[in-house]
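# A closer look at the structure
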Amino acid sequence: MNHPILKIENLNFAFNKDKKILSDISFSIEKGSLCIIAGANGSGKSVLLKCIKGLLKPNSGNIIINNKNLSSNLKDRRRKIGLVFQDADSQIIGQTVEKDILFGMENLQLDSTTKQRKLLEVSTLLSLNDKLKTKPHHLSGGEKRRLAIAGILAMNPDIIFFDEPFANLDYPGVIQVLSTLLLLQKEGHTIIIVSHEIDKIAAHSQKIILLEKGKVLMEGESNIVLPHLRNHGVYVPLLDNKIKKIEELTWLNH
Ligand SMILES: Nc1ncnc2c1ncn2[C@@H]1O[C@H](COP(=O)(O)OP(=O)(O)O)[C@@H](O)[C@H]1O
Ligand SMILES: [Mg+2]
């Protein structure tokens, strides 16, 4: 039976005392699901991801992973949560695709057989195996984002966060990344996507959490939350056409 892999309880965060950025955020995420955190620019989505991952320190609240309260256990939290940043370039550091994928694993003290096995596994899964010797800056936008994903995946996180995975991609790039996200879910990963480009992913998600001004306004099944997004700063372009059902809202051919 499914159980929440991630539970957030009453999370609060402020950069300074006068201005709260996140207020009493609570939600839960089922293991193996693909979930979207939606909200207008500035609603607190990226700050929320950084708080959960352990890059920013919440003022209060609980972060529970697999029934274990890891609120004050930064080391485990960082290990269990993979975060793919909005800007793939900032995440890519290796001189070649191969070195970049290996880089994240270096800190984990894995033996070299395991590292090579993981390298082969993730580069095959993300169709980068014929590009291992390529310099990352020669990759297309979609390939770069796949490389950033590969590096995270190699570290075997329990949950993977994606911050605006479709930003600055052309059409083929969007399709590549979208297919990758769906593939990862099929492989059993739990995926949380922060985006204001909901039309690309809504039909493939199980849950949408709507943030407004640092508060959870709605949390529920995607088809139920979707019609409410527009009134809260999240525009869904395809809904202007004749689309009536969430299943029709896809960028992939059936
Ligand atoms: N380093 C920072 N210092 C002060 N304020 C910040 C910082 N980063 C983000 N903010 C503010 O926090 C709020 C939420 O930002 P963010 O989480 O990046 O929004 P988004 O939903 O667009 O990802 C915004 O008002 C933003 O201006
Ligand atoms: Mg953001």
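Residues numbered from 1 in each chain as written. Chains lettered and ligands numbered in written order. Predicted model: local features only at pLDDT ≥ 70, side-chain atom pairs only at ≥ 80, totals over all residues.

### Thoughts on the sheet that holds strand E10 (residues 215-221)
Pairing in this open sheet of six strands is mixed, and the strands run E6-E7-E8-E3-E9-E10 from one edge to the other. Among the strands making up the open sheet, the edge pair consists of strand E6 (81-84) and E10. This sheet shows a mean twist of 20° between the axes of neighbouring strands, independent of strand direction. Bridge analysis of strand E7 (residues 159-163) against strand E8 (residues 190-195) gives five bridges, and the strand direction is parallel. Bridged to Ile159 within E8 is Thr190. Contacts from helix H7 (residues 171-186) reach strand E3 (34-38), E7 and E8 within the one sheet, and its direction differs from that of E8 by about 150°. (Pairing = 2+ DSSP bridges. Helix = DSSP H or I, 4+ residues; strand = E, 2+ residues; numbered from the N terminus. Axes fitted to C-alpha atoms, helices over the stretch in contact; angles between N-to-C directions. Contact = placed C-beta atoms within 7 Å.)

### Regarding the environment of Asn66
By secondary structure assignment, the location of Asn66 is in the loop between strand E4 (60-65) and strand E5 (68-69). On the basis of neighbour counts, which here come to 14 C-beta atoms within 10 Å, the residue Asn66 falls in the partly exposed class. Asn66 sits 59 residues away from Lys7 along the chain, and the two C-alpha atoms are 8.3 Å apart. (Buried ≥ 20, exposed ≤ 12 C-beta atoms within 10 Å, placed from the backbone.)

### Some points on the pairing of strand E1 (residues 4-16)
The side chains of a regular strand alternate, first on one face of the sheet and then on the other. The sheet contact formed by E1 and strand E2 (residues 19-30) spans eight bridges and is antiparallel. Directly across from Leu11, in E2, lies its bridge partner Ile25. Between the end of E1 and the start of E2, which pair antiparallel, lie two residues. Bridging between E1 and E4 involves five bridges; their strand directions are antiparallel. Following the sheet pairing, Asn12 is matched in E4 by Ser60.

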